[in-house]
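The lines below spell out each chain.
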Amino acid sequence: MSKEKPSIPKGTRDFGPAVVVKRNYIFGVIKRTFEKYGYLPLETPAMEQLSVLTGKYGDEGDQLIFKILNSGDFLSKTTAADIEQGSKHITRKISEKALRYDLTVPFARFVVMNRNDITFPFKRYQIQPVWRADRPQKGRYREFYQCDADVVGTNSLLCEAEIVQMIQEVLTTLGLTDFTIKINHRGILAGIAEAIGEKGRESEICVAIDKLDKIGKEGVRKELLERGIKTAAVEKLEPLYDLTGTNEEILDKLTTLLSETAEGNRGLADLREVWQYLELLQSQALISQNTSGQPRLQLDVTLARGLSYYTGCIFEVKVNNVNMGSISGGGRYDNLTGMFGLPGVSGVGFSFGVDRVYDVLEELQLFPDSSQAGTQVLLVQFDKASEQYALPVLQQLRNAGIASELYPEAAKLKKQMSYADQKRIPYVVLIGSEEMASGKLKLRNMLTGEQQDVTTEELVKVLAG
RNA sequence: GUGGUUGUAGCUCAGUUGGUUAGAGCACCAGAUUGUGAUUCUGGGGGUCGUGGGUUCGAGCCCCAUCUUCCACCCCA
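To keep things clear, this report deals only with the structure shown in the data block. Within each chain, residues carry numbers counting from 1 in the order of the written sequence. To read the labels, note that chains go from A and ligands from 1, taken in the order they are written. The predicted origin of the model limits local features to residues at a pLDDT of at least 70 and limits the giving and counting of side-chain atom pairs to 80 or more, whereas totals for whole chains, interfaces and linings rest on all residues. Hydrogens and water are ignored here; the side-chain numbers use all heavy atoms of the structure.

Next up on the list: the overall build of chain A. For chain A, the count of helices and strands is 19 helices and 16 strands. Each principal axis of the C-alpha distribution contributes one length, and for chain A these read about 90 × 65 × 50 Å. Should any heavy atoms of two residues lie within 4.5 Å, those residues are counted as being in contact. When contacts within chain A are restricted to residue pairs at least 6 apart in sequence, long-range pairs at least 24 apart make up 68% of them. When the accessible surface of chain A is split by element, carbon and sulfur atoms take 51% of a total near 24000 Å². In this charge count, Lys and Arg are treated as positive and Asp and Glu as negative; neither His nor the chain ends contribute. By convention, the point assigned to a charge is CZ for Arg, NZ for Lys, CD for Glu and CG for Asp. Considering chain A, the positive charge centre built from 57 side chains and the negative charge centre built from 61 side chains are found 4 Å apart. Put simply, DSSP H or I for four residues or longer makes a helix, DSSP E for two residues or longer makes a strand, and each gets a number counted from the N terminus. Here the Shrake-Rupley method, with its probe set to 1.4 Å, supplies the accessible areas, and only the displayed protein chains count as covering residues.

Attention now goes to the pairing of strand 11 (residues 347-353). For a regular strand, side chains alternate in direction, first toward one face of the sheet and then toward the other. Of all 7 residues in strand 11, 6 are buried; the element is thus mostly enclosed. Whether two strands pair depends on DSSP finding at least two bridges between them. With 7 bridges joining them, strand 6 (residues 143-152) and strand 11 adopt antiparallel strand pairing. By the bridge assignment, alanine 149 is partnered in strand 11 with phenylalanine 350. In terms of strand pairing, strand 10 (residues 328-333) meets strand 11 through 6 bridges, oriented antiparallel. Bridging from a neighbouring strand, tyrosine 333 pairs with glycine 347 of strand 11. Exposure categories follow from relative accessible area, calculated using a 1.4 Å probe and restricted to protein chains: below 20% of the type maximum is buried, above 50% is exposed, and the middle band is partly exposed.

Now for empty space enclosed by the protein. Cavity: a set of points on a 1 Å grid over the protein atoms alone where a 1.4 Å probe fits but cannot get out. Pocket: an open set with protein on both sides within 12 Å along at least five of seven lines, its lining residues, like those of a cavity, having an atom within 4 Å of a point. Grid points are joined across faces, edges and corners, and a volume is the space filled by probe spheres set on the points. Evaluation of the coordinates by the stated rule reveals 1 cavity of 30 Å³ or more. Of the volumes computed, that of the largest cavity is approximately 50 Å³. Residue lining of the largest cavity: Leu189, Ile192, Ala193, Ile196, Glu202, Ile205, Cys206, Ile209 and Leu237, and that is the complete set. Counting only elements with at least two residues in the lining of the largest cavity, the list comes to helix 8 (186-195) and helix 9 (202-209). With 4 residues, the top contributor of residues to the lining of the largest cavity is helix 9.

Before going further, it helps to examine the packing of helix 16 (residues 384-399) against helix 19 (residues 456-464). For helices, the fitted line uses only the C-alpha atoms of the stretch in contact; every axis is such a line through C-alpha atoms, and the angle between N-to-C directions lies from 0 to 180 degrees. Here helix 16 crosses helix 19 at 35°, and the two axes come no closer than 10 Å. Helix-helix and strand crossings are classified by hand; for helix 16 and helix 19 the assignment is right-handed. Of helix 19, the residues touching helix 16 (which contributes Val393, Gln396 and Leu397) are Thr456, Glu457, Leu459, Val460 and Leu463. Any residue that is not Ala, Val, Leu, Ile, Met, Phe, Trp, Tyr, Cys, Pro, Asp, Glu, Lys or Arg is counted as polar, Gly included; the first ten are nonpolar and the last four charged. For the contact of helix 16 with helix 19, a count of residues per class yields 5 nonpolar, 2 polar and 1 charged. In a left-handed crossing the near helix is turned counterclockwise from the far helix by less than a right angle, and in a right-handed crossing that turn is clockwise.

With that settled, consider the protein's contact with RNA strand B. Only a single heavy atom is needed: when it lies within 4 Å of a molecule or strand, its residue is near that molecule or strand. For RNA strand B, the set of nearby residues contains 39 residues, the closest of which are Lys138, Arg140, Arg444, Met446 and Gln451. Counting only atoms of RNA strand B within 4 Å of the protein, the fraction found in sugar and phosphate groups is 52%. Polar contacts here mean pairs of N or O atoms no more than 3.5 Å apart (in protein, one a potential hydrogen donor and the other a potential acceptor; neighbouring residues in sequence count only if both atoms are side-chain atoms). Glycine 11 is positioned with one of its backbone polar atoms (N or O) 3.3 Å from a phosphate oxygen of RNA strand B. Contact distances for RNA strand B include 2.5 Å between a base oxygen and a side-chain N or O atom of arginine 444. Every element with two or more residues in the surface near RNA strand B is listed here: strand 6, helix 17 (413-422), helix 18 (433-438) and strand 15 (441-445). Here the surface near RNA strand B gets 6 residues from one element, more than from any other, and that element is helix 17.

Below, the discussion takes up unusual backbone geometry. The peptide bond linking phenylalanine 120 to proline 121 adopts the cis configuration, its omega dihedral lying at -5°. With respect to the helices and strands, the residue proline 121 is situated in the loop between helix 6 (104-113) and strand 5 (122-131). Of note, the phi angle at glutamine 282 is positive, near 50°, even though the residue is not glycine. Summarising the element assignment, glutamine 282 is placed in the loop between helix 13 (262-280) and helix 14 (284-287).

Okay, a nonpolar patch on the surface next. Like charges are joined within 9 Å and nonpolar side chains (Val, Leu, Ile, Met, Phe, Trp, Tyr) within 5 Å, but only among residues with over 30% relative accessible area and no salt bridge; these make up the patches. Each salt bridge in this description consists of a side-chain nitrogen of Lys or Arg and a carboxyl oxygen of Asp or Glu lying within 4 Å of one another. A cluster of nonpolar side chains, Leu69, Phe74 and Leu75, forms an exposed patch at the surface whose accessible area comes to about 250 Å². Structurally, leucine 69 is set in strand 3 (residues 67-69). For leucine 69, a relative accessible area of 45% puts it in the partly exposed group.

On to the pattern of salt bridges, then. Scanning the model with the defined rule gives 19 salt bridges in all. Glutamate 405 is paired through a salt bridge with lysine 423; the nearest N and O atoms lie 2.9 Å apart. A residue pair is termed long-range when its members are at least 10 positions apart, and glutamate 405 in strand 13 (residues 404-406) and lysine 423 in the loop between helix 17 and strand 14 (427-431) qualify at 18 residues. The class for glutamate 405 is buried, based on a relative accessible area of 14%.

Time to look at the pairing of strand 15. A one-sided burial pattern is seen for strand 15, the buried positions being Leu441, Leu443 and Asn445 and the unburied ones Lys442 and Arg444. Here strand 14 runs beside strand 15; their pairing, made up of 4 bridges, is antiparallel. Bridging from a neighbouring strand, leucine 430 pairs with lysine 442 of strand 15. Two elements, strand 15 and strand 16 (residues 451-454), share 4 bridges in a ladder whose sense is antiparallel. What sits directly across from lysine 442, in strand 16, is aspartate 453.

Turning next to the environment of threonine 172. Counting through the fold element by element, threonine 172 comes out in helix 7 (residues 158-173). On the basis of relative accessible area, threonine 172 is assigned to the partly exposed category, the value being 40%. Residues threonine 172 and glutamine 284, spaced 112 residues apart in sequence, show a C-alpha to C-alpha distance of 9.9 Å.

Geometric values such as these leave the question of function open.
In structure tokens:
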């Protein structure tokens, strides 16, 4: 017997019953919505070959991948010379598997491996945990769930429009009323870079601009200059930070700014097409306004997003008036499967961060009571005779679809009652000698304290109704 | 990966310049009440003060290491 206090790894969590029930409510809303739009579930292994994952997330990302030590004598294939060559080299010798870092790369791997069996366009959703060796902080864990929906094998911008629709539907169903779906396009970012005379440097510009709401104009200016962007270019860029007006007005302004750039035109054309689809779909995202008066869907040229594989539209969702990073994001990637030797397959997808959605719903107290329902009724027993009387009643309740349980021993009444109280079971049925004699069971409403005498049939009827 | 922060009962936290036997509220258990939970009253159990070293006559308090928590960077869901 160890005297050690047990603990769990940094950045991981246990989920108690009450939490799991509420998380399942979120998962359920997301699943039903995905399926309504024709996406089907996929699951992939928790671990992938390390070689599948490395190089897909940039140098920083590679460092955040949890590697799995080879089983057995993991040093058997290494020599002293290997150790001298440093940790990067030795990693390949002692680890060939790793925990998945996201769901998109495993999905791309799956598509490539099963390309002959898949009917394209292939729409799949995937709800599984991912792991990152990041340093935890608020809303950032080392193990967390992603809920991805992706479609590969079509360039149609209908997919982008439907992503907006799904985000709108999921978050509205969950009771959120004040959130912003930000949309932008890599082509616009590239066009802007070209228009200000820094063609090809949009990724550096993006990283800086992405921090606008955090470090302000001056901070971005400083960062851009540090990254070697010319002063003249930085000044040309700054008017874009506060493009005002409706989405249509912003589109018009961008059209005059970017008309000379091929990439910019591509981005603008794509976005206009997405808007057309949304109009024909009578999208609530176009109609709804947030309490702040801001439109639900917002074209935001300062939205950049880190992942380098996006090539077309990009999305991000922010819940307003809560201290939380984005709860959803995604975009189009033209060549993800190209990494695995299958070029020319375009895909677009997005993901919900369930842990963050949970924290937001908790903070805004948006979990409905119905999402927390457990046992409906507890049968209380006094002795062997009452237990035997209760069992058929219990089964009748369950046959009627009523979540019910019989306290498994003839404990003191106080103990059984407080069990019901703590599990927030709304009804208790007492079955004692009087009840058995009369056939009338005592039904107690734990919220109001009211009691009534009912037959078994009446009991089922009351609770089912 | 960088800088800071936190850790005392199951939980939330007190604990004086380092000084006798480390406290409170809530929770838990038992009783008041042998057929009634949540409310009331009484009593009780529970701590190697995150862990390991060090300084000191003496450490919950000071020093070092390590783990953990939270925060800001980097980055990201």
